[in-house]
Amino acid sequence: METLIPSRLSTLGHPQRLALFRLLMRRYPDRVPATELAQALGLKPNTLSTYVNALMQAGLLSQERVGTSLRYSIDMEAARQTIDYLLHDCCRGRPEICDPVAPPASVADNPEPDRKYNTLFICTGNSARSIFAEAILRDLAGDRFEVYSAGTKPCSELNPFALKVLEQKGHDVSALQSKDITEFQSATAPVLDFVFTVCNHAANEECPSWKGQPITAHWGLSDPVKVEGSASQKSRAFDRTYDALRNRMTGFANLPIASLDRLSLQRAVDEIGQSNEKGMTE
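Residues numbered from 1 in each chain as written. Predicted model: local features only at pLDDT ≥ 70, side-chain atom pairs only at ≥ 80, totals over all residues. Heavy atoms only, no water.

Student: Hey, could you run me through helix α3 (residues 34–41) in this one?
Tutor: At 3.6 residues per turn, the α-helix brings residues three or four places apart onto the same side. Of all the residues in α3, the buried ones are Glu36, Leu37 and Ala38. As for α3, its buried residues are in contact with α2 (15–27), β1 (32–33), α4 (45–57), β3 (69–74) and α8 (200–204). In the stretch just after α3, glycine 42 is the one whose phi turns positive, near 65°. (Buried < 20%, exposed > 50% of the residue type's maximum accessible area, 1.4 Å probe, protein only. Helix = DSSP H or I, 4+ residues; strand = E, 2+ residues; numbered from the N terminus. Contact = heavy atoms within 4.5 Å.)

This is the structure in structure tokens:
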């Protein structure tokens, strides 16, 4: 351990290796394809391979082959071991010193019977997937959740195929609009209980600092906007995305939030995000 931890810290001392590590931490527990990592970080494949190999040799990443694709994930046990080693001596017998890095309380630790859980869905354009999520959860459980959506680079208009699907499913679309994520980072923004990314591009970007330390998870789905073909083929892609999100919203709305501690709740929302429809993830 005396040599392992310094080796890991030395590996993370390189800015781009650290950026790769932090990106995979944001995406945990996902296994992310090498091509997506290279694109997100603006790296050439051979450069990414060099950084990945260094992190794997340090024991911080695990690798899995899916078909012809290599996918990578944080070795969370090794990451925790490294952080615990750094904090062990300073916290021995003095836990108040390390309170800022301790897991925050559950959103249900101070239950308020009439309070709604503020929930934000994020994608890049905020024109389809996150709009679907907002509309679906609001109609499924608007009595329990205050629902919002936003984009990291919001479109000026909502996607017409998305609006058509929502109208066909009976949702009121009159109040839906694209919003910039910065609206939820201001001093007057609502304190969020849950934040979900529903596209990989948004999940790969640097995380903002959210007030209240909400529960976060990645529920990535392929972008139906990118589907090429006839109008009917595009419509089917939006229908599949809607159905996949409705399944996730139903599972989320049925969680016994008030009876779960934070770790159990985090595990539950991560599992919902892992229950991807075949072929739906990017």
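The structure having been displayed, the exposition proceeds.
Student: How do you make sense of the packing of helix α6 (residues 129–141) against helix α9 (residues 231–253) when you look at a structure like this?
Tutor: Geometrically, a packed helix pair is captured by the angle between its two axes and the distance between the axes. Direction vectors running N to C along α6 and α9 enclose 45°, while the axes themselves pass 9 Å from each other. Taken together, the axis directions place α6 and α9 in an arrangement best described as oblique. Between α6 and α9 the crossing geometry is right-handed. Contact with α6, carried on its side by Arg129, Phe132, Ala133, Ile136, Leu137, Leu140 and Ala141, involves Phe238, Thr241, Tyr242, Leu245, Arg246, Met249, Thr250, Phe252 and Ala253 of α9 and no other residues of that element. For the contact of α6 with α9, a count of residues per class yields 12 nonpolar, two polar and two charged. (Axes fitted to C-alpha atoms, helices over the stretch in contact; angles between N-to-C directions. Parallel < 35°, antiparallel > 145°, perpendicular 65-115°, else oblique. Left-handed = near helix turned anticlockwise from the far one by under 90°. Nonpolar A, V, L, I, M, F, W, Y, C, P; charged D, E, K, R; others polar.)

Student: How do you make sense of the environment of phenylalanine 161 when you look at a structure like this?
Tutor: One can find phenylalanine 161 in helix α7 (residues 160–168). Among the residues examined, phenylalanine 161 registers a relative accessible area of 24% and is labelled partly exposed. Through-space distance from the C-alpha of phenylalanine 161 to that of arginine 236 is 9.7 Å; in sequence the pair is 75 residues apart. The contact partners of phenylalanine 161, leaving out residues within four places of it in the chain, are Ala231, Lys234, Ser235 and Phe238.

Student: Whenever I open this one, the side chain of asparagine 159 confuses me. Can you help?
Tutor: Relative to the helices and strands, asparagine 159 is located in the loop between β5 (145–151) and α7. Dropping the residues within four chain positions of it, asparagine 159 is found in contact with Ser127, Val225 and Phe238.

Student: Looking at this structure, I do not really get the pairing of strand β6 (residues 194–197). What am I missing?
Tutor: Remember that side chains alternate between the two faces of the sheet whenever the strand is regular. Along β6, one buried face is formed by Phe194 and Phe196 and the opposite face, lined by Val195 and Thr197, is buried too. Relative to β6, strand β4 (residues 117–123) is paired through four bridges, and the arrangement is parallel. Following the sheet pairing, threonine 119 is matched in β6 by phenylalanine 194. Here β6 runs beside strand β7 (residues 215–218); their pairing, made up of four bridges, is parallel. Bridging from a neighbouring strand, phenylalanine 194 pairs with isoleucine 215 of β7. (Pairing = 2+ DSSP bridges.)

Student: Please clarify how the pattern of salt bridges should be interpreted in this entry.
Tutor: Two side chains bearing opposite charge may form a pair once their charged atoms approach each other closely. Going through the model one piece at a time under the given rule, you end up with seven salt bridges. With a closest N to O distance of 3.2 Å, arginine 27 and aspartate 30 form a salt bridge. Neither arginine 27 nor aspartate 30 differs from the other in exposure class; each is buried. With its nearest N and O atoms 3.6 Å apart, the salt bridge here joins glutamate 134 to lysine 179. On the criterion of sequence distance, the pair formed by glutamate 134 in helix α6 and lysine 179 in the loop between α7 and β6 is long-range, its members being 45 residues apart. (Salt bridge = Lys/Arg side-chain N within 4 Å of Asp/Glu carboxyl O.)

Student: Looking at this structure, how should I read the packing of α2 against α4?
Tutor: One can describe the packing of α2 onto α4 by two numbers: an axis separation of 10 Å at closest approach and a directional angle of 75°. Here α4 runs roughly perpendicular to α2, going by the angle between their axes. Of the residues in α4, those in contact with Gln16, Arg17, Leu20 and Phe21 of α2 are Leu48, Tyr51, Val52, Ala54 and Leu55. The residue inventory of the contact of α2 with α4, partitioned by class, reads seven nonpolar, one polar and one charged.

Student: What's the story with the nonpolar core in this structure? I'm lost.
Tutor: Most often, soluble globular proteins keep nonpolar side chains buried together rather than apart. Judged by nonpolar contacts, the single largest core of 49 residues is most densely connected at Phe121, Phe132, Leu137, Phe145, Phe194, Trp219 and Phe252. For this core, the secondary structure elements donating two or more residues are β4, α6, β5, α7, β6, β7, α9 and α10 (262–274). Excluding its chain neighbours within four sequence positions, the residues that come into contact with leucine 137 are Thr119, Phe121, Gly142, Phe145, Val147, Met249, Phe252 and Ala253. Counting 21 residues, the second largest nonpolar core, distinct from the first, contains Ala58, Leu61, Ile74 and Met76. (Core = buried A, V, L, I, M, F, W, Y, C linked by side-chain atoms within 4.5 Å.)

Student: Just to check I follow, could you spell out the sheet that holds strand β2 (residues 61–66) for this structure?
Tutor: Strand pairing in a sheet relies on backbone hydrogen bonds. The paired strands run either parallel or antiparallel. Across the sheet, three strands lie side by side as β1-β3-β2; this open sheet has antiparallel pairing. Sheet topology places β1 and β2 at the edges, where each strand pairs with a single neighbour. In the sheet, β2 pairs with β3 via six bridges, with the strands oriented antiparallel. When the bridges of β3 are listed, valine 66 appears paired with serine 69.

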